[in-house]
Amino acid sequence: MTWNEIRQHFPGQWLVVEVIEARSEGHERILDRIGVIDIFPDGSSVMKGYRELHRRYPDRELLFVHTDREILDITQRKWVGIRIGI
Amino acid sequence: MKILIQDGLPFVTAVLIYRGKRLILENMLLDTGSASTILSTDQVQKVGLIPSPEDPLHEIRGVGGVEIVFSRKVDCLSVGELAVEGFEVEIGAMEYGIAIDGIVGLDFLTQTKAIINFDRLEMIASGSQRQVNLGNLELSC
């Protein structure tokens, strides 16, 4: 679905969604097709739900988002990570 | 502020003040390789810092996959005598496989003009900044 379609189907909701099709333009991540994974009652539980899903599927492009948000404007950055010693 | 080396990485304790509530974050990684400062959602929700519909969202792509964080301005973030009022932090799930409450990034370190001393294993403010901080600390930090 597009973001507008999701907003119509799930008004006023916290969601965890998965990106199906997206493109990067400079520092912007533009999401063309998105799938809804789950619905949550508040900001606290959506973070918990996102965390759980992200732990299990770290390579999938998941996001937590509220459908009151009109424009899905997401900036993107690279991160090369932390190297842990032994 | 003492720097503690754990698993070969430097850690400090930070104090967050959000909407008047105080939270001590004991396992903050000191990371000059991180442009921004990030806090763990598990910790900050204790002071009611949870996402709201219009928070800016950022996608971070790296070796551990891809994650989404949101950003929010907090009353104050401090590490020992170093403090920034009205500081913007990122909040994320931080599933990195190590026990970590957050990352003190270069944005905080440059704004506070931090001096990291690995000989004495401590982080302090520069002399001039210390005077400024003493005034600010009495405001909200």
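Residues numbered from 1 in each chain as written. Chains lettered and ligands numbered in written order. Predicted model: local features only at pLDDT ≥ 70, side-chain atom pairs only at ≥ 80, totals over all residues.

1. Focus: the overall build of chain B
And then number 1: When you go through chain B residue by residue, the secondary structure sums to three helices and ten strands.
And then number 2: Along its sequence from the N terminus, chain B presents helices and strands in the succession β-β-β-β-α-β-β-β-β-α-β-β-α.
And then number 3: For 141 residues, the compact-globule estimate of 2.2 N^0.38 gives 14 Å, and chain B sits close to it at 15 Å.
And then number 4: Based on the C-alpha atoms only, the size of chain B along its principal axes is roughly 40 × 35 × 20 Å.
And then number 5: Expressed as a percentage of its 141 residues, the buried residues of chain B come to 38%. (Helix = DSSP H or I, 4+ residues; strand = E, 2+ residues; numbered from the N terminus. Rg over C-alpha atoms; globule rule 2.2 N^0.38 Å. Buried ≥ 20, exposed ≤ 12 C-beta atoms within 10 Å, placed from the backbone.)

2. Concerning the overall build of chain A
And then number 1: Assigned secondary structure in chain A consists of two helices and four strands.
And then number 2: When its helices and strands are written in sequence order, chain A yields α-β-β-α-β-β.
And then number 3: Its C-alpha atoms give chain A principal-axis dimensions of about 50 × 30 × 15 Å.
And then number 4: Taken over 86 residues, chain A has a buried fraction of 23%.

3. Some words on the nonpolar core
And then number 1: In this structure, A:Phe64, B:Val12, B:Ala14, B:Leu16, B:Met28, B:Leu77 and B:Val104 are the most contacted members of the largest nonpolar core, which totals 49 residues.
And then number 2: Not counting the four nearest positions on each side in its chain, B:Leu77 is found in contact with B:Ala14, B:Leu16, B:Thr37, B:Val84, B:Phe87, B:Val89 and B:Phe108. (Core = buried A, V, L, I, M, F, W, Y, C linked by C-beta atoms within 7 Å. Contact = placed C-beta atoms within 7 Å.)

4. Section: the pairing of strand β3 (residues 62–66) of chain A
All names here are of chain A.
And then number 1: Most of β3 is tucked away, with five of its five residues classed as buried.
And then number 2: Judged by which residues are buried, β3 turns out to be covered on both faces: Leu 62, Phe 64 and His 66 on one side and Leu 63 and Val 65 on the other are all buried.
And then number 3: Here strand β1 (residues 14–25) runs beside β3; their pairing, made up of five bridges, is antiparallel. Its bridge partner lying in β3, Trp 14 is registered against His 66. (Pairing = 2+ DSSP bridges.)

5. Comments concerning the interface of chain A and chain B
And then number 1: Opposite the 28 residues of chain A that make contact, chain B presents 27 residues.
And then number 2: Sorting the residues of the side of chain A that touches chain B by element identifies α2 (43–56), β3 and β4 (74–79) of chain A as the ones contributing at least two each.
And then number 3: By residue number, the principal contributor to the side of chain A that touches chain B is α2(A), which donates eight residues.
And then number 4: Classifying every residue of the side of chain A that touches chain B gives eleven nonpolar, eight polar and nine charged.
And then number 5: Of the strand pairs in this sheet, β4(A) and strand β5 (residues 57–62) of chain B are connected by six bridges, and their pairing is parallel. Opposite A:Arg77, over in β5(B), you have B:Ile60 as the bridge partner. (Nonpolar A, V, L, I, M, F, W, Y, C, P; charged D, E, K, R; others polar.)

6. Things to note about the environment of B:Arg19
All names here are of chain B.
And then number 1: Along the chain, Arg 19 turns up in the loop between β2 (9–18) and β3 (21–30).
And then number 2: Here Arg 19 falls in the exposed class, since 9 other C-beta atoms lie within 10 Å of it.
And then number 3: In sequence terms Arg 19 and Val 74 are 55 residues apart; their C-alpha atoms lie 7.5 Å from each other.
And then number 4: In contact with Arg 19, other than residues within four places in its own chain, are Gly 48 and Asp 75.

7. Let's talk about α2(A)
Residues and elements named next belong to chain A.
And then number 1: A rise of 1.5 Å per residue sets the reference length of α2, with its 14 residues, at 20 Å; its end C-alpha atoms lie 20 Å apart and thus fit the reference within 8%.
And then number 2: Along α2, the positions that sit buried rather than exposed are Gly 43, Val 46, Met 47, Tyr 50, Arg 51 and His 54. Buried positions in α2, seen along its axis, are confined to an arc of 135° and lie on one side of it. Facing away from the buried side of α2, by more than 90 degrees, are the exposed residues Arg 55 and Arg 56. (Expected span 1.5 Å × (residues − 1). Arc of directions from axis to C-beta.)

8. Focus on unusual backbone geometry
Residues and elements named next belong to chain B.
And then number 1: In this structure, Arg 19 is a non-glycine residue whose phi angle is positive, near 45°.
And then number 2: Even without a glycine there, the phi angle at Met 94 is positive, about 50°.
And then number 3: You can call Met 94 buried: it has 23 C-beta atoms within 10 Å.

9. Points about the confidence of the model for chain B
And then number 1: Put simply, chain B has an average pLDDT of 91, and 91% of its residues get 70 or more.
And then number 2: This prediction of the complex comes with two scores: 0.91 for pTM and 0.92 for ipTM. (pLDDT = per-residue confidence, 0-100.)

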